[in-house]
Amino acid sequence: MTRIHALGHYQPEQVLTNDDLATMVETNDAWIRQRTGIATRRIAREESVADLATTAAGKALAGAGLAPEEIGLVVVATCSARDRVPSIAARVAGELGIPDAVTFDLNNGCAGFTTALATADHAVRAGAARHALVIGAEKMSDITDWTDRASCVLLGDGAGAAVLGAGGPEDGIGPVVWGSDPSRRDAVRVEGEWQPQFAQEGQTVFRWATTELAPIARQACERAGVSPAELGGIVTHQANLRIIESLARRLDAPNAVVATDVVDSGNTSAASVPLALAKLVERREIPAGAPVLLFAFGGGLSWAGQVVRCP
């Protein structure tokens, strides 16, 4: 099996509070907290998606104790990169001195990291790479409509990364559960030829996430042979605190630590799962070796999730 050797995360220094947003659009702290649970988010000014990804990836690589040349695959999940070629993954590899890895970006919206994690897991299992570096990195502030109070209060910037490699039969990454509902593909969008902007049908996404996703997330547990009661942690896409709490209740995992990084970081799209997971591990809120459900969902409408063992 494949296991996560180490994690890393990075967020820019600038904090944007709800009170700050109230000076930009017609909103207030109470309105934002009540509907989203978000208190603050981080905003990158000069840093690019590649900068965020490289810093998080460098921390994960150092934590794994691996040399750059030992990485055979670099995958970056992002939907906010302005540049198309070279890929963000290639830029990260160049900055970290990774000499000849396969590098590519993957865009599956907010489900990007868990999709990329499964892709890299499959590559390691198949022997196509010995070690892989998987990154979720977003600069959502670049694609935010700062005049739309319904969406600008949601989004933040950041990155999280994981180093994967071969592991034993008990400490690996479980089978992925993934899919999409293209009939509702327009519910979350980043559209526009020269200056794309994030937009969504918030009520459509909320109803979908709170009514249809819990059984799919439970399938990831079943495929891994882990009951929800055995979970040490639940890390879902950090879209909205009300969605996170609804999913956790429906999963009925009484012993699990539930990630709520959305309160401090906002919605960082493909970065949200690795960012939240890395913080929980750094604070040792989940014991090493404990099973953790990762489950992300978003534009497409798509989803992807798996149970992993906490590094």
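Residues numbered from 1 in each chain as written. Predicted model: local features only at pLDDT ≥ 70, side-chain atom pairs only at ≥ 80, totals over all residues. Heavy atoms only, no water.

What follows covers the sheet that holds strand β12 (residues 257–258). If you walk across this open sheet you meet the 5 strands as β8-β14-β13-β11-β12, and the pairing is mixed. In this open sheet, the two edge strands, each paired with only one partner strand, are β8 (177–180) and β12. The sheet contact formed by strand β11 (residues 233–236) and β12 spans 2 bridges and is parallel. Bridging from a neighbouring strand, I234 pairs with V258 of β12. (Pairing = 2+ DSSP bridges. Helix = DSSP H or I, 4+ residues; strand = E, 2+ residues; numbered from the N terminus.)

Running from N to C, helix α8 (residues 214–224) and helix α9 (residues 241–251) cross one another at 55 degrees; their axes reach a closest spacing of 9 Å. On the basis of the axis angle, α8 is oblique to α9. Judged by the twist between their axes, the crossing of α8 over α9 is right-handed. Two secondary-structure elements touch here, α8 through A214, P215, A217 and R218 and α9 through L247, R250 and L251. Here the residues of the contact of α8 with α9 sort into 5 nonpolar, no polar and 2 charged. (Axes fitted to C-alpha atoms, helices over the stretch in contact; angles between N-to-C directions. Parallel < 35°, antiparallel > 145°, perpendicular 65-115°, else oblique. Left-handed = near helix turned anticlockwise from the far one by under 90°. Contact = heavy atoms within 4.5 Å. Nonpolar A, V, L, I, M, F, W, Y, C, P; charged D, E, K, R; others polar.)

The 5 strands are arranged β1-β7-β6-β4-β5 in an open sheet whose pairing can be described as mixed. Each having just a single partner strand, β1 (2–10) and β5 (102–106) make up the two edges of the open sheet. On average, each strand axis in the sheet is inclined to that of its neighbour by 15 degrees, with strand direction left out of account. Against the sheet, helix α4 (residues 88–96) makes contact with β4 (73–77), β5 and β6 (131–139), and its axis sits at roughly 135 degrees relative to β5, the strand it touches most. The sheet strands contacting helix α5 (residues 112–125) are β1, β4, β5, β6 and β7 (157–166), and the helix crosses β6 at an angle near 165 degrees.

Okay, the UniProt feature "active site" (unreviewed entry) in the chain next. In the numbering used here, UniProt assigns the "active site" (unreviewed entry) feature to C110, H237 and N267. For this annotated set, covering 158 residues, all C-alpha atoms fall within 8.9 Å of each other, a compact arrangement in space. By the secondary structure assignment, C110 is in the loop between β5 and α5. Other than its neighbours up to four places away in sequence, C110 contacts H237, N267, S269, A270, A296, F297, G298 and G299. If you trace the backbone, N267 turns up in the loop between α10 (262–265) and α11 (272–282). Those residues in contact with N267, other than ones at most four positions away along the chain, are I38, C110, M140, L154, L155, G156, H237, Q238, A239 and V262. (UniProt positions renumbered as here; feature names shortened; annotations may be inferred.)

Below, the discussion takes up the packing of aromatic side chains. Taken as a whole, this structure holds 3 aromatic pairs when the rule is applied. Taking 6.4 Å as the distance between ring centres and 45 degrees as the angle between the ring planes, the aromatic pair formed by W208 and W303 counts as tilted. Residue W208 is found in helix α7 (residues 202–212), and its partner W303 is found in strand β14 (residues 302–309); the two are separated by 95 residues along the sequence. A relative accessible area of 2% means that W208 is categorised as buried. Look at F295 and F297: their rings are 6.2 Å apart centre to centre, the planes differ by 40 degrees, and that puts the pair in the tilted class. Through pairs of rings, three or more aromatic residues link up here, namely W208, F295, F297 and W303. Note that R149 overlies the ring of W31, its terminal NZ or CZ placed 4.6 Å from the centroid. (Phe/Tyr/Trp six-rings, centres within 6.5 Å; stacked < 30°, edge-to-face > 60°. Buried < 20%, exposed > 50% of the residue type's maximum accessible area, 1.4 Å probe, protein only. Lys NZ or Arg CZ within 6 Å of the ring centre and 35° of its normal.)

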